[in-house]
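So you can see what is in the structure, the chains are spelled out below.
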Amino acid sequence: MRRAGLGPVLLLALAVAGCARYALVEPRTRTVADLYTVEPQIPWSATTDDEWEVWTVDGPSLQAVQFLNGLADGKPLVRARGDEKRPVFRKDMTPSEISELVTDSLAAIGARKVRVVNLRPAPFGGMPGFRFDLDYSTRDGLDKKGTVAGAVVKDRLYLILYAGLAEHYYDKHREAVERLIESVRMK
Amino acid sequence: MRAARLPALLLLGLVAAACATPRHAPGALPDLRPGERPALDTDEAGLWMQMDRLEEALRTSGTLLGDASVERYLGGVLCRLAPDYCGSVRLYVVQTPHFNATMAPNGVLQVWTGLLLRAENEAQLAYVLGHELGHYLRRHSLQMWRDVRLKTNVVAFFSVLAAAAGQGYAGPLAQLVALGSVLAFSRDNEREADEVGFELMARAGYDPREAPRIWEALEREREAAGRSAPLIFFATHPPTAERIATLREQAERAYAPEQVWRVGRAEWVAATARIRPVLLRDELRLRDFARTAVLLDRLLAAEPRSGLLRFYQGEMFRLRAGEGDEGRALAAYERALAADDPPVEIHRSVGLLRLRRGERVQARAAFERYLAAVPAAEDRAMIESYLERLR
């Protein structure tokens, strides 16, 4: 029976090994989504996954900064599998609804007991934006923490989502991510 | 209740002898005895060992609901149904919004929260649990496993299982389904399990007429959802017209009007009340609005005064956000506010919709009510910023 569970995981691992190309992000000014710049404090390894740009130090399942680079109206945050339906972004969403979009999308890809903490207004590169933190666990029962910064700019959704294992890995680069979010400047 | 203490096996024997269908299909195995574990040198022990490993993974996974009082309650129903086996069956409540219950050969019984949201009373749950117990007692997994092995081999068995588990289910569900043996049991097995489930529930005093009712309700939901979104339970338990008709016949035969039957509606409502908001939120997260609409209509027909259900009906319209859904959502919220115990988040939802419609005064009033009701809300700063804009 174990093989039954392992099959898809193995395939996924192969797919990841075959596709993911990591590039070094050096600690100097970098343009994101052709919309804004950030100033990374530490070197990261970057790759892309659909609309997302993913930066990590120890591996994306341990901790990762994920940039959502301009999701259009009517599009889902995470790709649907087969006939499943996914929550979609609407350009008139309030930050409350966007936080709901994020939690429900995380739940759709297997996150459990997702909870939004401290949803608050916060400028995003000088634009009106929002911040919130996340608590959830993985399907394997590991606790994760996250923090999100974002804004809707010209009807598109931009997010910086940092998530990592609650034990050690999230805190390890939390400060670097805070500086990264503070460094956002519109081009 | 002396009858309930007799070994279930014996009762089943008596019951089955009275039925038209033979108790065991050809090639069937003797029933599993209470507390029985297969001898170590058998293929059955090998199958159990695999399941024991999956059980270990299930136990530490993040998928369990983790509500001790609900587990105790369900365990009580299980023991009432099959007193001699309740010591050897381990019940796990898996938090996933699909309707399902599965039974692994080693006695792992999974009850998915989508079932807890959909059953309307204890008797309906008892029927489903009884059906799963039927597979367990009759060793249907072993039967299936031997049958497949005769025709192919072990590797093929597992790859078929893996393929079936992966078909149409999200990743996290695949393993859960595998643990419960996703391969459809044979039609004979299903009929036999239905028979056992039905007899167990009736013996325990549960109103037998509830058995076909849950099938009928699920069938309506499935039709609404269309082919695009199968209910997982149906993948392995096709609700054929024949099956529903058979259950109805059996129910009518077993039902004696002079007997006091247990439906357990009040017990069911009390036992599941606390987890219901979580289950409804999980259901909405699927964004399968057609099926959710049918489900909520059915639940509301039984509880027209439920502010909770009416609120989630409003949430469904708000999230669907189609033509006219804002108005539908607001109407549902209004009815919820006039009903019993609407959850406090309703004021936030009303505020968000009013805000979108530019109804400033009403938006402000709703947000103020929300903050007054939940002063320590996690989104307090955000709501205050909306209020700032509305001033």
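Residues numbered from 1 in each chain as written. Chains lettered and ligands numbered in written order. Predicted model: local features only at pLDDT ≥ 70, side-chain atom pairs only at ≥ 80, totals over all residues.

1. Observations concerning the overall build of chain A
Across its full length, chain A holds four helices and 11 strands. Looking at the 187 residues of chain A, the share that counts as buried comes to 37%. When contacts within chain A are restricted to residue pairs at least 6 apart in sequence, those whose partners lie at least 24 apart make up 42%. (Helix = DSSP H or I, 4+ residues; strand = E, 2+ residues; numbered from the N terminus. Buried ≥ 20, exposed ≤ 12 C-beta atoms within 10 Å, placed from the backbone. Contact = placed C-beta atoms within 7 Å.)

2. What to know about the overall build of chain B
Along chain B, the regular secondary structure elements total 21 helices and three strands. Of all 391 residues assigned to chain B, the portion counted as buried reaches 46%. Across chain B, every contact between residues at least 6 apart in sequence was considered, and the portion connecting residues at least 24 apart equals 68%.

3. Digging into the confidence of the model for chain B
Here chain B averages 82 in pLDDT, while 77% of its residues score no lower than 70. Reported for the predicted complex are a pTM of 0.85 and an ipTM of 0.89. (pLDDT = per-residue confidence, 0-100.)

4. A few points about the sheet that holds strand E11 (residues 185-186) of chain A
Judged by pairing direction, the sheet is antiparallel, and its three strands sit side by side in the order E2-E3-E11 (chain A) without closing on themselves. Here the strands that pair on one side only, and so sit at the sheet edges, are strand E2 (30-32) and E11 of chain A. (Pairing = 2+ DSSP bridges.)

5. What about the packing of helix H15 (residues 276-285) of chain B against helix H17 (residues 307-320) of chain B?
Residues and elements named next belong to chain B. In contact at an axis separation of 11 Å, H15 and H17 are set at 20 degrees when each is read in the N-to-C sense. As far as their axial angle goes, H17 and H15 are roughly parallel. Of the two elements, H15 crosses H17, and the hand of that crossing is right-handed. Residues Arg276, Pro277, Leu280 and Leu284 of H15 form the contact with H17, whose participating residues are Leu308, Tyr312, Glu315, Met316 and Leu319. Here the residues of the contact of H15 with H17 sort into seven nonpolar, no polar and two charged. (Axes fitted to C-alpha atoms, helices over the stretch in contact; angles between N-to-C directions. Parallel < 35°, antiparallel > 145°, perpendicular 65-115°, else oblique. Left-handed = near helix turned anticlockwise from the far one by under 90°. Nonpolar A, V, L, I, M, F, W, Y, C, P; charged D, E, K, R; others polar.)

6. A look at the environment of aspartate 171 of chain A
All names here are of chain A. Among the secondary structure elements, aspartate 171 is positioned in helix H3 (residues 169-172). Overall, aspartate 171 belongs to the partly exposed group, with 13 C-beta atoms counted inside 10 Å. Remark: the alpha-carbon pair of aspartate 171 and glutamine 63, spanning 108 residues in sequence, is separated by 9.3 Å.

7. Structural notes on the packing of helix H20 (residues 360-373) of chain B against helix H21 (residues 380-390) of chain B
Residues and elements named next belong to chain B. As a packed pair, H20 and H21 sit with axes 10 Å apart at the nearest point and diverge in direction by 150 degrees. Between H20 and H21, the interaxial angle falls into the category roughly antiparallel. Note on packing geometry: the crossing formed by H20 with H21 is left-handed. In this structure, H20 uses Arg360, Ala363, Arg364, Phe367, Tyr370 and Leu371 to contact H21, whose residues at the interface are Arg380, Ile383, Tyr386, Leu387 and Leu390. For the contact of H20 with H21, the residue count by class is eight nonpolar, no polar and three charged.

8. Description of the pairing of strand E6 (residues 63-71) of chain A
Residue and element names in this part refer to chain A. Of all nine residues in E6, seven are buried, a share of seventy percent or more. For strand E5 (residues 52-56) and E6, the ladder comprises four bridges, and the chain directions are antiparallel. In the sheet register, valine 54 faces E6, and the bridge partner there is glutamine 66. With eight bridges connecting them, E6 and strand E10 (residues 156-165) associate as antiparallel partners. Across the sheet, residue glutamine 63 finds its bridge partner in E10, namely glycine 164.

9. Comments concerning the sheet that holds strand E7 (residues 112-121) of chain A
Two strands in a sheet stick together by hydrogen bonds in their backbones, pointing the same way (parallel) or opposite ways (antiparallel). The strand order across the open sheet built from eight strands is E1-E4-E5-E6-E10-E9-E8-E7 (chain A), with neighbouring strands paired in antiparallel fashion. Among the strands making up the open sheet, the edge pair consists of strand E1 (23-25) and E7 of chain A. Neighbour to neighbour, the strand axes of the sheet diverge by 25 degrees on average, direction disregarded. As paired elements, E1 of chain A and strand E4 (residues 44-49) of chain A share three bridges and run antiparallel to each other. If you follow leucine 24 of chain A over to E4 of chain A, its bridge partner there is serine 45 of chain A. Along the sheet face, H21 of chain B touches E7 and strand E8 (130-137) of chain A and points at about 45 degrees away from the line of E7 of chain A.

10. Some points on unusual backbone geometry
One non-glycine residue, aspartate 155 of chain A, lies in the positive phi region at around 65 degrees. Following the sequence through the fold, aspartate 155 of chain A ends up in the loop between strand E9 (143-153) and E10. Overall, aspartate 155 of chain A belongs to the partly exposed group, with 13 C-beta atoms counted inside 10 Å. Its identity is not glycine, yet alanine 321 of chain B carries a phi of approximately 50 degrees, on the positive side. Taking the number of C-beta atoms within 10 Å as the measure of exposure, alanine 321 of chain B has 16 and is therefore partly exposed.

11. Quick look at the nonpolar core
All names here are of chain B. Membership of the largest hydrophobic core comes to 120 residues, with the highest contact counts inside it found for Leu81, Ala126, Leu129, Leu133 and Met201. Top element by residues in this core is helix H6 (residues 122-137). It accounts for nine residues. What alanine 126 contacts, discounting residues up to four positions off in sequence, is Val77, Leu81, Met201, Ala204 and Tyr206. (Core = buried A, V, L, I, M, F, W, Y, C linked by C-beta atoms within 7 Å.)

12. So, H15 of chain B
Turning to H15 of chain B, its buried residues number three or more, namely Leu279, Leu280, Asp282, Glu283, Leu284 and Arg285 of chain B. Packing partners of the buried residues in H15 of chain B comprise helix H2 (95-108) of chain A together with helix H5 (113-118), helix H16 (289-302) and H17 of chain B. Taken from the residues just after H15 of chain B, arginine 287 of chain B is the one with a positive phi, measuring 55 degrees.

13. Points about the environment of proline 95 of chain A
Residues and elements named next belong to chain A. Structurally, the position occupied by proline 95 is in helix H2. Its 24 C-beta neighbours within 10 Å are what place proline 95 among the buried residues. Linking proline 95 and valine 152, residues 57 residues apart in sequence, is a C-alpha distance of 9.0 Å.

14. Concerning the confidence of the model for chain A
Residues and elements named next belong to chain A. Scored by pLDDT, chain A has a mean of 89; 89% of the residues are at 70 or more. No element of chain A has a lower mean pLDDT than helix H1 (residues 2-19), at 38, and none a higher one than E9, at 98. pLDDT under 50 marks residues 1-18. Its contacts with residues more than four places away, or in other chains, come to 20 contacts.

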